[in-house]
Amino acid sequence: MSKIYIAGKISGLENYREVFEKAEDKLLTEGNEVMNPAVLGEGFDYKAYMPICLAMLEACDTVFMLKNWEDSKGAKVEHEYAKIQGKKIVYQ
């Protein structure tokens, strides 16, 4: 069992909550504990979300990168942070 953070595109993606929820359901079914940043409230800017997201990522041992992660400024930061921290990175 792993503690997994989900990283992927949120800004500009209308159905991002559905995309993240589908990934979360899959990971939970596999017996993992999951941190899903798509559950955070809307209306704040990038600079407000990133410290929260990095704290969520820090609590996990694995990062699950959604297919669209390279289209996201935040997910690219999370990817680099995970590499620096020595987290396991899994790609969808």
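Remember, predicted model here, so these are calculated numbers, not experimental data. (Residues numbered from 1 in each chain as written. Predicted model: local features only at pLDDT ≥ 70, side-chain atom pairs only at ≥ 80, totals over all residues. Heavy atoms only, no water.)

(A) Expanded view of the overall build of the chain. Helices and strands together make up the secondary structure of the chain, namely three helices and four strands. Taken from the N to the C terminus, the helices and strands of the chain come in the order β-α-β-α-β-α-β. For a compact globule of 92 residues, the expected C-alpha radius of gyration is about 12 Å, and the chain comes in at 12 Å, within 12% of that figure. Seen along its three principal axes, the alpha-carbon backbone of the chain occupies a region of about 35 × 30 × 20 Å. Long-range contacts, defined as pairs at least 24 residues apart, comprise 66% of the intrachain contacts of the chain with a sequence gap of at least 6. Of the roughly 5,600 Å² of accessible surface on the chain, 54% is carried by carbon and sulfur atoms. Each charge class in the chain can be summarised by its mean position, and for the 12 positive and 15 negative side chains these summaries are 5 Å apart. (Helix = DSSP H or I, 4+ residues; strand = E, 2+ residues; numbered from the N terminus. Rg over C-alpha atoms; globule rule 2.2 N^0.38 Å. Contact = heavy atoms within 4.5 Å. Areas by Shrake-Rupley, 256 points an atom, 1.4 Å probe, with all protein chains shown as cover. Lys, Arg positive; Asp, Glu negative; His and termini not counted. Charge placed at Lys NZ, Arg CZ, Asp CG, Glu CD.)

(B) Fine view of helix α3 (residues 73-85). For α3, with 13 residues, the first-to-last C-alpha span of 19 Å sits near the 18 Å given by 1.5 Å per residue. Contacts from the buried residues of α3 go to β1 (3-7), α2 (46-58), β3 (62-65) and β4 (88-91). Its side-chain oxygen at 3.4 Å from the backbone nitrogen of Gly74, Ser72 defines the N-terminal cap of α3. Gly86 sits one or two positions beyond α3 and adopts a positive phi of about 75°. (Expected span 1.5 Å × (residues − 1). Polar contact = N/O pair within 3.5 Å; in protein donor to acceptor, adjacent residues only side chain to side chain.)

(C) Highlighting the pattern of salt bridges. This model, assessed by the stated rule, comprises three salt bridges. Linking Glu42 and Arg17 is a salt bridge whose minimum nitrogen-to-oxygen distance equals 3.3 Å. Of this pair, Glu42 sits in the loop between β2 (33-35) and α2 while Arg17 sits in helix α1 (residues 16-29), and the two are 25 residues apart along the sequence. The class for Arg17 is partly exposed, based on a relative accessible area of 34%. Among the salt bridges present, the one from Lys83 reaches Glu80, with a minimum N-O distance of 3.1 Å. Note that Lys83 and Glu80 are positioned in helix α3 at a spacing of three residues, about one turn of the helix. (Salt bridge = Lys/Arg side-chain N within 4 Å of Asp/Glu carboxyl O. Buried < 20%, exposed > 50% of the residue type's maximum accessible area, 1.4 Å probe, protein only.)

(D) Looking closely at the packing of aromatic side chains. A complete count under the given rule lists two aromatic pairs for this structure. Measuring from centroid to centroid gives 6.0 Å for Phe44 and Tyr49, while their planes differ by 80°, and the two rings are edge-to-face. Between Trp69 and Tyr91 the ring centres are 6.2 Å apart and the planes differ by 45°, which places this aromatic pair in the tilted class. In this pair, Trp69 is assigned in the loop between β3 and α3 and Tyr91 in strand β4, connecting sequence segments 22 residues apart. Note on Trp69: relative accessible area 13%, which makes it buried. Positioned above the aromatic ring of Tyr46 is the side chain of Lys73, whose terminal nitrogen or guanidinium carbon lies 4.3 Å from the ring centre. (Phe/Tyr/Trp six-rings, centres within 6.5 Å; stacked < 30°, edge-to-face > 60°. Lys NZ or Arg CZ within 6 Å of the ring centre and 35° of its normal.)

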